[in-house]
Structures are given as C-alpha cells and as structure tokens.
Amino acid sequence: LKSIYLVALGLSFFHLGALLATVLSPMSKHSSNSEVVRDKPKAKAQRNTYLVGWALVGISIVPTMLVILKSISVALSSGYTGIYQQELTTGMSGASAVLSGFLVPASLFILAGSKKGDRSRIFSVMFICLYSLGFFLIGERNKAVMPLIALAWLWDKLVGKISRTFLLSFSGVLTFIVFPFIAINRNSNGGNRLSWDALVENFTGLENPAISSLQEMG
C-alpha cells in the first residue's frame, strides 16, 4: 500500500509539474496566431526531443547489449525457460536491466525529433531492428514485436505513409510463420538452435501455424 501511494504521489507531482510548466511558459501568454510564433516552440520541442533521444541512447546502448547477450547465452544453454529461472537482480545489480529499457523510447525520440533527410533516422530504425532481432533470438516475441509496431506507427505519422499491403503481408508472415516457428524452436538448446538441419526439421514440423498462433493468443 505504501509503494502504491508513493508511485501515485510521484505521478501526480509529475503531471502537476507539466501543467505548471505549460501555464507559466512565456509562449502560452502569446495570443498571436502568427506562424512564426507557433513554429518557434514546435522547432524547439523537436530539437529537444532529438537531443534527449541521443542522450538516452548513450545511457542505454551498453546495458541493452549486456542484457540481450546474457539472455541469448542463457537461452542457448538452457532454452527459453532458462531465462525465467535466473535469480532476480535488485538494486545496483539490476541497473543494466533498468537502463536497457530506455533504448526503444530513445530511438523513437530520435525519429520524432529528426528532420527530413536526416541520417539519424537510419540509426533509429537500426537500433530498434537490432533490439527486436535480439529478442526474437531469445524467444521473447512480445518484446521483439512491440518496438516494431511503435516504429511503424511513428514513421507512418511523421515521416511518410507505409504501404498497407506491406504492413498486412509483414504482419501475416510474423503471425503465421515466425511466431509458431519461434514457439517450437525457443525451447531447444544451443546445439539444436544453431543446427541448420534442426531448424529445417522444426520449420517443416509446423502442422498448422495459423491455428497455433490463435491458440497461443487464447
């Protein structure tokens, strides 16, 4: 109860600070509809978003690599279930796990704050794709797919429309081929996971991928 109270109190003051900053902001006192007046805070916010994104990348890139590599090592040696048999780390020992959570929002911040033709967009996409690939290798499909969905949505809103045909096709491949294959293969140990023959055997052993995915979804 004390923990929930502390969290609720923190969130309340966090939002109170945001409301006060909005009310007390010099720009909120301008009543002019001039494009210049409106564009200045927008450009500043975009720039700040971009800088915060790169700052978060600097904080999270190494911890993320450590967490993913450790998880892959455990998954290869003990299978997917081995990840949940590890001792939970708390305090400073769990710092890497906490800091690694900033990489995805950092990448999205960079994309949201970048300008047209900015090469940093490539890094944003690359960070998220590598992050997702790492969790696909581990077998954690939810952690792998959610960043891809967020990236696709943000790109579609800010950069350019993504073909709906491509989105449907890609989603279909993930749902009916990749997900069932990972579900079967992720409990294998390192030797079978890295064996081409074992991979082919597991893939061809899929009876009905569509039904398999729907069953897992409940």
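Residues numbered from 1 in each chain as written. Predicted model: local features only at pLDDT ≥ 70, side-chain atom pairs only at ≥ 80, totals over all residues. Heavy atoms only, no water.

**Remarks on the pattern of salt bridges**
Right, on to step 1. With the rule as written, the count across this model stands at three salt bridges.
Right, on to step 2. Lys143 serves as the salt-bridge partner of Glu140, at 3.5 Å between the closest nitrogen and oxygen.
Right, on to step 3. The residue Asp156 makes a salt bridge to Arg164 at a minimum N-O spacing of 2.7 Å.
Right, on to step 4. Accessibility expressed as a relative area gives 11% for Asp156, which makes it buried.
Right, on to step 5. Classification of Arg164 by relative accessible area gives partly exposed; the value is 43%.
Right, on to step 6. Each member of the salt-bridge network shares a partner with another, and the members are Asp156, Lys161 and Arg164. (Salt bridge = Lys/Arg side-chain N within 4 Å of Asp/Glu carboxyl O. Buried < 20%, exposed > 50% of the residue type's maximum accessible area, 1.4 Å probe, protein only.)

**Description of a nonpolar patch on the surface**
Right, on to step 1. A cluster of nonpolar side chains, Tyr5, Leu9, Phe13, Leu16, Leu20, Val23 and Leu24, forms an exposed patch at the surface whose accessible area comes to about 730 Å².
Right, on to step 2. By secondary structure assignment, the location of Leu20 is in helix H1 (residues 2-24). (Patch = residues over 30% accessible without salt bridge, like charges linked within 9 Å, V, L, I, M, F, W, Y side chains within 5 Å. Areas by Shrake-Rupley, 256 points an atom, 1.4 Å probe, with all protein chains shown as cover. Helix = DSSP H or I, 4+ residues; strand = E, 2+ residues; numbered from the N terminus.)

**Here we look at helix H4 (residues 103-113)**
Right, on to step 1. Of all eleven residues in H4, eight are buried, a share of seventy percent or more.
Right, on to step 2. Listed as buried for H4 are Leu103, Val104, Ala106, Ser107, Leu108, Ile110, Leu111 and Gly113.

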